[in-house]
Amino acid sequence: PGKVYIRPSGYKVHMELIPGTRTWRLVGTVAEGIFCHKPCTVSGGGKSEISKPISDAILHGPVFVAHFQKDFDRVQELINRDYGNRYKKATKTADSRSVLSSERSLGSVIKLLTPSKDYTSAYNDYLVTIPQYIKELVYVVKRFYKPEWGDRWREHFGVDIINGVPGNELKLDNRKLLAQCLRVGYDTQGAWRVFGLRKDFVPAAKIQMEDDISASVVVPVASSPTPLPNLPAGAASAKIVENCETRLFQRPDDAIHRGYDRQTEAEFGQPGNFFSNYEPLTPADARNLMEDSIGFIRYTEPMQRVIEKAASAPEGTFFVATSHPRLVEKKPSKNPRYLQLRPDLANPRSKHIAQAGLRLHRRLTQGQPVVTPVTAVLPGRRNNGPDSDAGIRSLAVYGPIHYMELPELFMEFICSMTGKSPSTTGAGSEGALTKGPFNALHPIIDLNAALVSNILTGHTGFITSAGCVGPSARMDHDISLLVPEVWCRMSAIEREPKYLIENGFLAPCEDMEFNGQKLAFSRLGWRITPRFVQAFFGRVFNHPHVVFEESMLRPELQSMELFAEGMDNVVSTQRRVAEAYFQDDGVKLACPPLKALLHVMRDGSYEGRGLKDPAFRALFTPESVLNSDWYKARLEARHRVETRYWAQRIQHLESFLKRESHTDEA
């Protein structure tokens, strides 16, 4: 325990105690991960959550049966069943592998028992008749089955006899089994929507690389002295990102639930913290919290120690608790904050182990740098339903995940429209790249650089939703936490938009009409389909097809009126923001593709070409940029700036060396 073994390939193995049990397991971690980059993300869009460990959000509990003998008779029936004729098309190869075959993975079994458009209607109807908990038991047997058991696998499972009758808690070789669940949003009454995780699910190992502010550089792949893996297909350049912050201004939304955010509660127990918008609690408050024994033990140990220490402190001292934001007009603030020491600085061991694995895997010497280029670009979108009291329009037209090609993606970036967020006083546009107050340059300067970067690196943007999915499906940051778990379980080809589109994992957002109004829904690119959820969320969940209902994947089904209002909100805000670039002459500084895009956002077309015109879209291809005069002029200008800068440095050093008073330093 506590030790990590790194193989010469960079593959890492460690032993960990399964939460809530006395059982240990071996966990293997691949050497090469993926760098999930979340640029241009609006307030409340999940910048911090994408790098937080999902383990704090996992709920643990026993595995139950209703009636052991009857339930396992049904399980045995499913295990022994012939599944060879389930496909619609006869061209599909007959599948003779048994459920417990070592040639069939747990994921394959989950796919086997999940309804699909590829299956016959009769087989799908049959799957609907199988209770979910029975499928869960099949997955349990598959997860723990050993070939040496043969057909006698039932002997290893059982329940205790309680008061003369069989109990309901399943055991394996007299050892209690544990189920894991994850929250994915809330229902209309505010109850958690909880879904079972796969029996072989282990949370991804994460190293936080950035939060709000980072610096980046784009470099040619060919000139890199070390390998740059996992890049988009055919990418000639790579983006390298470095964190610019030592402390991160965190808003731990879920920490208000005692014991839920274990990382935040642990950090609240450390010295030297800075808190904002937390209620100053007194020693008397601490004693009251301790007297509420049931509520007190829900905190994790670090937070309990803080409260216990505060309870014995002298009067006139104060402390803060994760569960008690500052009261504003007798209501808890929705924007509590604290400064978190960067996790990779607070725990350098994890980063060192990750880099050691990369160094071995890439065959790097000790002196060579370990470079981790951006692999996946996953911006975040904050959505909200209507709030007439606050005068905030509905912005709930986005599904859980949207893919956008560069023109549509940069319309998002330019507009940076945010829904109602605890971080802001309202909703609207935050300005280009969302952080205008931190940069004195005109925003078009950053937009030019960002566009060139995206074109040269070949990165595509997958926008993830926070807040809600549709006006009535509340999600908060659950999708932001979940997406990295899905993305790291996809292969490089599976992350390519072309592959996803060709195989039906993405569906186009097509313009539509409602009450005589044209809705420019195509500006939202492509959205994930039930097939995507089944295939890729099935690598995380036991029953992936129920995680996102059809009305979540297609928010217009929740309310067509609010959908139309949301689309009008998107288009009108894009038009208004684009107009600002014409009023302050920023459009004159825009590179040709951005200039054309600003015209389309404001006027609907540029030089007679609309957003979907092939000639317009060709402006955003690598070939167009690399062969253009404006890009050549950009490189020449950069060369002049760099030359002048280093000439000044040389002149300064030569002047310094000539000073007699500086002989020792020279």
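This text follows the structure it describes.
If you're wondering where the values come from, they're calculated on a predicted model, not measured in any experiment. (Residues numbered from 1 in each chain as written. Predicted model: local features only at pLDDT ≥ 70, side-chain atom pairs only at ≥ 80, totals over all residues. Heavy atoms only, no water.)

Draft legend 1. Geometry of the packing of aromatic side chains. Under the criterion given, the structure shown has 29 aromatic pairs. Centre to centre, the rings of Phe195 and Phe541 are 6.3 Å apart; their planes meet at 80 degrees, and the pair counts as edge-to-face. Of the two residues, Phe195 sits in strand E12 (residues 192–196) while Phe541 sits in the loop between helix H15 (530–536) and helix H16 (550–553), which places them 346 residues apart along the sequence. Taken as a pair, Phe195 and Phe541 share a single burial class, namely buried. When the centroid spacing of 4.9 Å and the interplanar angle of 65 degrees are considered together, the rings of Phe532 and Phe536 count as edge-to-face. Here the residue Phe532 and the residue Phe536 both occupy positions in helix H15, the gap between them amounting to four residues, near one helical turn. Using a relative accessible area of 0% as the deciding quantity, one classes Phe532 as buried. A residue is classified by how much of its surface remains accessible, and Phe536, at 1% relative accessible area, is buried. Aromatic ring contacts, followed pair by pair, group Tyr403, Phe462, Trp487, Tyr499, Phe505, Phe532, Phe536, Phe537 and Phe548 into a single cluster. Against the face of Trp192 rests Arg183, its NZ or CZ located 4.9 Å from the ring centre. The cationic tip of Arg602 hangs over the ring face of Phe582; the distance from NZ or CZ to the ring centre is 3.7 Å. (Phe/Tyr/Trp six-rings, centres within 6.5 Å; stacked < 30°, edge-to-face > 60°. Helix = DSSP H or I, 4+ residues; strand = E, 2+ residues; numbered from the N terminus. Buried < 20%, exposed > 50% of the residue type's maximum accessible area, 1.4 Å probe, protein only. Lys NZ or Arg CZ within 6 Å of the ring centre and 35° of its normal.)

Draft legend 2. Just the environment of Ile34, in detail. Within the element layout of this structure, Ile34 appears in the loop between strand E3 (24–29) and strand E4 (36–37). Considering only alpha carbons, one finds Ile34 and Ala376, 342 residues apart in sequence, at a separation of 7.0 Å. Residues in contact with Ile34, not counting those within four places in the same chain, are Asn230, Thr375, Trp487, Cys488 and Arg495. (Contact = heavy atoms within 4.5 Å.)

Draft legend 3. Main features of helix H8 (residues 301–311). Three or more residues of H8 are buried, namely Pro302, Met303, Gln304, Val306, Ile307, Ala310 and Ala311. In this structure, the buried residues of H8 make contact with helix H5 (262–268), helix H6 (283–291) and helix H7 (293–296).

Draft legend 4. Structural view of the pairing of strand E14 (residues 237–243). Burial runs high along E14: five of the seven residues are buried. Where strand E13 (residues 214–220) lies against E14, seven bridges are found, and the strand directions are antiparallel. Bridged to Ala215 within E14 is Glu242. (Pairing = 2+ DSSP bridges.)

Draft legend 5. Quick peek at the pairing of strand E19 (residues 337–341). Note: strand E15 (residues 247–250) against E19, four bridges, orientation antiparallel. Directly across from Phe249, in E19, lies its bridge partner Leu339. Pairing analysis gives two bridges linking strand E16 (residues 275–276) to E19, with the strands arranged antiparallel. If you follow Phe275 over to E19, its bridge partner there is Tyr338.

Draft legend 6. The arrangement of the packing of helix H11 (residues 406–415) against helix H17 (residues 560–583) in detail. Interhelical geometry of H11 versus H17 gives an angle of 70 degrees and a closest axis separation of 9 Å. One finds that H11 runs roughly perpendicular with respect to H17. Of H17, the residues touching H11 (which contributes Met411, Ile414 and Cys415) are Thr573, Gln574, Val577 and Tyr581. For the contact of H11 with H17, the per-class residue count stands at five nonpolar, two polar and no charged. (Axes fitted to C-alpha atoms, helices over the stretch in contact; angles between N-to-C directions. Parallel < 35°, antiparallel > 145°, perpendicular 65-115°, else oblique. Nonpolar A, V, L, I, M, F, W, Y, C, P; charged D, E, K, R; others polar.)

Draft legend 7. Representation of the pattern of salt bridges within the structure. A full pass over the atoms with the stated rule returns 33 salt bridges. Across the salt bridge formed by Lys52 and Glu49, the nearest N and O atoms sit 3.9 Å from each other. Overall, the relative accessible area of 18% leaves Lys52 in the buried class. For Glu49, a relative accessible area of 9% corresponds to the buried category. With a closest N to O distance of 2.8 Å, Arg602 and Asp603 form a salt bridge. By relative accessible area, which is 27% here, Arg602 ends up partly exposed. For Asp603, a relative accessible area of 43% translates into the label partly exposed. Look at the salt bridges and you will find they share partners, linking Glu405, Glu408, Lys612 and Arg617 into a network. (Salt bridge = Lys/Arg side-chain N within 4 Å of Asp/Glu carboxyl O.)

Draft legend 8. Spotlight on the state of the cysteines. Here the structure, examined in full by the defined rule, presents zero disulfides. There is no disulfide at Cys181, and the cysteine sulfur nearest it, in Cys488, is 20 Å away. For Cys181, a relative accessible area of 25% puts it in the partly exposed group. Looking at Cys468, it has no disulfide partner, and the nearest cysteine sulfur is the one in Cys509, 16 Å off. (Disulfide = S-S within 2.5 Å.)

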